[in-house]
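As a plain string of letters, each chain reads:
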Amino acid sequence: IWLIFQSYGEVKPMKIFNVLFATLLLAGQAMAKETKAPLEYRLPEEAYFIAVEVEGKDGLNMVDFVIDSGMAITLVRPDVLGKMNAQWVGTKLVSQADGTAFEVFRFEVPAMSIAGCEIGAITVLSTPTASMNFLGLNVLTRLMPFTVSINEVTFQCPGPELPAG
């Protein structure tokens, strides 16, 4: 091991940092737990849905989301916000792929989980015209690496709670 840290008779701090960082990264991945969650394909929407558990005023609620790795932030229908104990934060200007911009409402959801895996607090967007719930990258990146097959998604359950994303 000493040979890794020693170069021409002197210790290279950057190499030590790189080795320590890689060790911590691997240790963090080792602490993550592989989790599988079923997907349901629905023909009318031509999309795959995943059940997400959210804590609401009247207990635990199951909300179906489309997995959408093209969305930066999770989008929620207005009628679902009450089921999620969502707290209004403000508005946000977002742009579509074609360059058009529009204003959406921004909310903070205190907790959500998938297949028993706690995701923690999350930022969601909503608009009166939202017709489906989309699970965006602010949730999906917490589950990396993840794979989607025809009937399930496999992901890494995150360790300690992350700040709202």
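What counts and how
- Residues numbered from 1 in each chain as written.
- Predicted model: local features only at pLDDT ≥ 70, side-chain atom pairs only at ≥ 80, totals over all residues.
- Heavy atoms only, no water.
- Helix = DSSP H or I, 4+ residues; strand = E, 2+ residues; numbered from the N terminus.
- Buried < 20%, exposed > 50% of the residue type's maximum accessible area, 1.4 Å probe, protein only.
- Contact = heavy atoms within 4.5 Å.
- Areas by Shrake-Rupley, 256 points an atom, 1.4 Å probe, with all protein chains shown as cover.
- Salt bridge = Lys/Arg side-chain N within 4 Å of Asp/Glu carboxyl O.
- Core = buried A, V, L, I, M, F, W, Y, C linked by side-chain atoms within 4.5 Å.
- Pairing = 2+ DSSP bridges.

Check the secondary structure of the chain and you find four helices and 14 strands. In the chain, which comprises 165 residues, the share counted as buried stands at 37%. Pairs at least 24 residues apart make up 51% of the contacts formed inside the chain by residues separated by at least 6 positions. Roughly 10100 Å² of accessible area belongs to the chain as shown, and the carbon and sulfur atoms make up 62% of that amount.

Moving on: the pattern of salt bridges. Scanning the model with the defined rule gives four salt bridges in all. Measuring nitrogen to oxygen at the nearest pair gives 3.5 Å for the salt bridge that ties E152 to K36. Of the two residues, E152 is situated in strand 14 (residues 152–157) and K36 in strand 3 (residues 33–42); the sequence distance between them amounts to 116 residues. Judged by relative accessible area, which is 25%, E152 ranks as partly exposed. A residue is classified by how much of its surface remains accessible, and K36, at 46% relative accessible area, is partly exposed.

Right, let's get into the nonpolar core. Ranked by internal contacts, the top residues of the largest apolar core, which has 27 residues, are I50, V52, F65, M84, M112, I114 and L135. Setting aside chain neighbours within four positions, we find V52 in contact with N61, M62, V63, F65, M112, S113, I114 and L135. Counting 11 residues, the second largest nonpolar core, distinct from the first, contains V94, V104, A130 and F134.

This paragraph deals with unusual backbone geometry. Note the cis peptide between M144 and P145, where omega equals -10 degrees. Of note in this structure, E46 is not a glycine but carries a positive phi near 50 degrees. Take E46: it is sitting in the loop between strand 3 and strand 4 (47–56). Phi is positive for A115, which is not a glycine, with a value near 50 degrees. Of note, A115 is situated in the loop between strand 9 (112–114) and strand 10 (117–118).

Bringing the pairing of strand 4 into the picture now. Counting buried positions along strand 4 gives seven out of 10 residues, so the element sits mostly inside the fold. Judged from the four bridges that link them, strand 3 and strand 4 form a sheet pairing that is antiparallel. When the bridges of strand 4 are listed, R42 appears paired with A47. Counting the residues between successive antiparallel strands, the hairpin from strand 3 to strand 4 contains four residues, one of them, E46, with a positive phi of roughly 50 degrees. Pairing of strand 4 with strand 5 (residues 59–67), which is carried by eight bridges, proceeds in the antiparallel orientation. Within the sheet, the bridge partner assigned to E53 lies in strand 5 and is M62. The hairpin turn running from strand 4 into strand 5, its antiparallel successor, is two residues long. Where strand 4 meets strand 9, two bridges bridge the pair, whose relative direction is antiparallel. In the strand pairing of strand 9, V54 is matched with M112.

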